[in-house]
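If you want the building blocks of each chain, they are given just below.
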Amino acid sequence: MNIFSAIKKNIPNTITCLNLLCGSIACIMALRFDEQVWWGICAYQAAFIMIALAALFDFFDGLVARLLNVVSAIGKELDSLCDCVSFGLAPGLLVYAAMNHADPDSALCYAALLIPVLGAVRLANFNVDTRQTTSFIGMPIPANAIFWIGFISWYANNTFLNPWFVVALIVAMSLLMVSSIPMFSLKLKNFNFKENYKVYFLIFAFFLFVFTSHLPGLSWTIIFYVLASALVKD
């Protein structure tokens, strides 16, 4: 294998590792929560940015691998390991920190650890389930992370919310990841509209919700995604 082939083969894996790097930084920022960090923003907001960047890298690694025709089993396993940190542990720590910030004496904040636990179960199931090659069964873990960014952006300024409601939400969203509900893939096979119309409509919904509700609109986007997957069949 010449050097150019080796570089080409590892471009998608490099993008995947950037996903992990962003997710690891997000975990650090989540635990610092309301400290002022970069350019005066709160640490939890910095965690949002890092998770969003991780999602961007996660979106493009598989697409680049397919475009370069270098899809590999190692790439798939690496992707799942990175996703477990960026979209399982990082949002779980964000929710834990937010609940602990609202009520430091409550043990309910530990319920947030259900997010990375069932996220890991979801990824393990995905890797051995041959039915999930072009679509998903259960909510993909990046979608779960995006939901929690939207929720925490609202919750950080509205901590009056009943903590038992937050726990119920944690349980519901975590169980969605390991549910048997069929959901369409969030990754583009190519740029053809007909083959990817669901993804394009979701992108439109994303801009609509974020324009009208700002960051909490991310949660509404994921709710829309779950409902659209359940109601719209091919």
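Conventions used here
- All residue numbers refer to position in the chain's written sequence, counted from 1.
- At least 70 in pLDDT is required for a residue's local features to be given in this predicted model, at least 80 for side-chain atom pairs to be given and counted, and no such filter applies to totals for whole chains, interfaces and linings, which use all residues.
- Excluded from the side-chain calculation are hydrogens and water; included are all heavy atoms of the structure.
- To form a nonpolar core, buried Ala, Val, Leu, Ile, Met, Phe, Trp, Tyr and Cys residues must be joined to one another through side-chain atoms within 4.5 Å.
- Each residue is placed in one exposure class: buried if its accessible area under a 1.4 Å probe, protein chains only, is under 20% of its type's maximum, exposed if it is over 50%, and partly exposed if it falls in between.
- Secondary structure is summarised from DSSP: a helix means a run of H or I of at least four residues, a strand means a run of E of at least two, and numbering begins at the N terminus for each.
- By the convention used here, residues are in contact when the closest approach between their heavy atoms is within 4.5 Å.

Visitor: I keep staring at the nonpolar core and nothing clicks. Help me out?
Guide: As a rule of thumb, nonpolar side chains are buried together in soluble globular proteins. The biggest cluster of nonpolar side chains holds 59 residues, and the ones touching the most others in it are Met99, Met139, Trp148, Phe151 and Ile152. If you list the elements that add at least two residues to this core, you get α1 (3–32), α2 (43–67), α3 (73–102), α4 (114–128), α5 (141–155), α6 (163–177), β2 (182–184) and α8 (217–231). Those residues in contact with Trp148 that lie beyond four places of it in its chain are Pro91, Val95, Ile115, Leu169, Ile170 and Met173.

Visitor: Help me out: how do you make sense of unusual backbone geometry in this one?
Guide: Glycine aside, negative phi is the norm for most residues, and most peptide bonds take the trans geometry. We note that Phe33 has phi near 40 degrees; this positive angle belongs to a residue other than glycine. Inspection of the secondary structure puts Phe33 in the loop between α1 and α2. Note on Phe33: relative accessible area 6%, which makes it buried. Here His214, not a glycine, exhibits a phi torsion of approximately 65 degrees, which is positive. Within the fold, His214 resides in the loop between α7 (197–213) and α8. With relative accessibility at 56%, the residue His214 sits in the exposed group.

As far as function goes, none of this settles anything; it's purely spatial.
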